[in-house]
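# Structural characterization, general
Listed here are the chains, written in short residue letters.
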Amino acid sequence: KKGYVMRKCCMEANGKKTARGKRSWKMYFCTLRDLILYLHKDDSGFRKSQISDNIHNAIHIHHGLATKATDYTKKQHVFRLVTADQAEYLFQTSDPKELDSWINTINFV
Ligand code: I3P
């Protein structure tokens, strides 16, 4: 699965709160492949990227969990992703269908 999303970092690995100034929303082209979410500026960014950049922009979703962020009311169609290492992110999708699709794809991949 792939597509544009907005992403906000909330917690770093080990549940450490993301530093001030690093918690803003940013748009990414998100590609899910082999249990890794790759975040790039656009699709060509993903295709042209070197393995080294990919590692930098990658979120490992194995043993992670995506859930609707019903407590986050500032934006619509947002899900929370908690990873195995206790990092936490919010992702805003375009509509309810995309929201369900990202959540199901991440959880049941
Ligand atoms: C963040 C930015 C985010 C905001 C976040 C701010 O500032 O304004 O939009 O999250 O609030 O820290 P910066 O751009 O300097 O990183 P919300 O949109 O969810 O309010 P937070 O500190 O409550 O995470």
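Look up a bit, the structure's there.
A few points on the structure. (Residues numbered from 1 in each chain as written. Predicted model: local features only at pLDDT ≥ 70, side-chain atom pairs only at ≥ 80, totals over all residues. Heavy atoms only, no water.)

### So, the side chain of Thr93
Put simply, the test is: Every helix listed is a DSSP run of H or I at least four residues long, and every strand listed is a run of E at least two residues long, numbered separately from the N terminus. For every residue, the accessible area (1.4 Å probe, protein chains only) is compared with the maximum for its type, and the residue is labelled buried under 20%, exposed over 50%, or partly exposed between those bounds. Throughout this description, a polar contact denotes any pair of N or O atoms lying within 3.5 Å of each other; where both atoms belong to protein, one of them has to be capable of donating a hydrogen while the other can accept it, and for residues adjacent in sequence the pair is counted only when both atoms sit in side chains. Contacts were defined at the residue level, with two residues in contact if any of their heavy atoms lie within 4.5 Å.
Along the chain, Thr93 turns up in the loop between β7 (88-92) and α3 (96-108). Since its relative accessible area comes to 6%, Thr93 is described here as buried. In terms of polar contacts, Thr93 uses its side chain to reach the backbone amide nitrogen of Leu99, at 3.4 Å. Ignoring sequence-local partners within four residues, the contact set of Thr93 consists of Gln76, His77, Phe79, Glu98, Leu99 and Trp102.

### As for the site of the ligand
To be explicit about the condition: If even one non-hydrogen atom of a residue comes within 4 Å of a molecule or strand, that residue is called near it. Surface accessibility in these figures is a Shrake-Rupley result with a 1.4 Å probe; residues are shielded only by whichever protein chains are displayed. The nonpolar class holds Ala, Val, Leu, Ile, Met, Phe, Trp, Tyr, Cys and Pro. Asp, Glu, Lys and Arg form the charged class, and all remaining residues, Gly among them, are polar.
Close contacts around the ligand come from Lys8, Gly21, Lys22, Arg23, Ser24, Trp25, Tyr72 and Lys74, and that covers them all. Here Ser24 contributes a backbone N or O atom positioned 3.4 Å from an oxygen atom of the ligand. Within the side chain of Trp25, an N or O atom sits 3.3 Å from an oxygen atom of the ligand. When isolated, the ligand has an accessible area of 500 Å², and the protein chains bury 56% of it. Taken together, the residues of the shell around the ligand break down into two nonpolar, two polar and four charged.

### So, the sheet that holds strand β6 (residues 78-82)
Quick note on the threshold: DSSP bridges decide pairing: two strands pair if at least two such bridges lie between them. Working convention: axes come from line fits to C-alpha atoms, limited for helices to the stretch in contact. Angles between N-to-C directions cover 0 to 180 degrees.
Across the sheet, seven strands lie side by side as β4-β3-β2-β1-β7-β6-β5; this open sheet has antiparallel pairing. The sheet is open, and its two borders are formed by β4 (58-60) and β5 (65-68), each paired with just one other strand. Put simply, the sheet's adjacent strands are angled 35 degrees from each other on average, direction ignored. Two strands pair when backbone bridges link them, and strand β2 (residues 26-33) and strand β3 (residues 36-40) are joined in this way by five bridges, in the antiparallel orientation. Bridge pairing in β3 places Arg33 opposite Ile36. In the packing of α3 onto the sheet, the strands contacted are β1 (2-11), β2, β3, β5 and β6, and the crossing angle to β5 comes to about 155 degrees.

### Describing the pairing of β6
Within β6, four of the five residues are buried, leaving the element largely enclosed by the surrounding structure. Where β6 and β7 come together, five bridges link them in antiparallel fashion. Among the inter-strand pairings, Leu81 is bridged to a residue of β7, identified as Tyr89. Adjacent in sequence and paired antiparallel, β6 and β7 are bridged by five residues, among which Gln86 carries a positive phi angle near 70 degrees.

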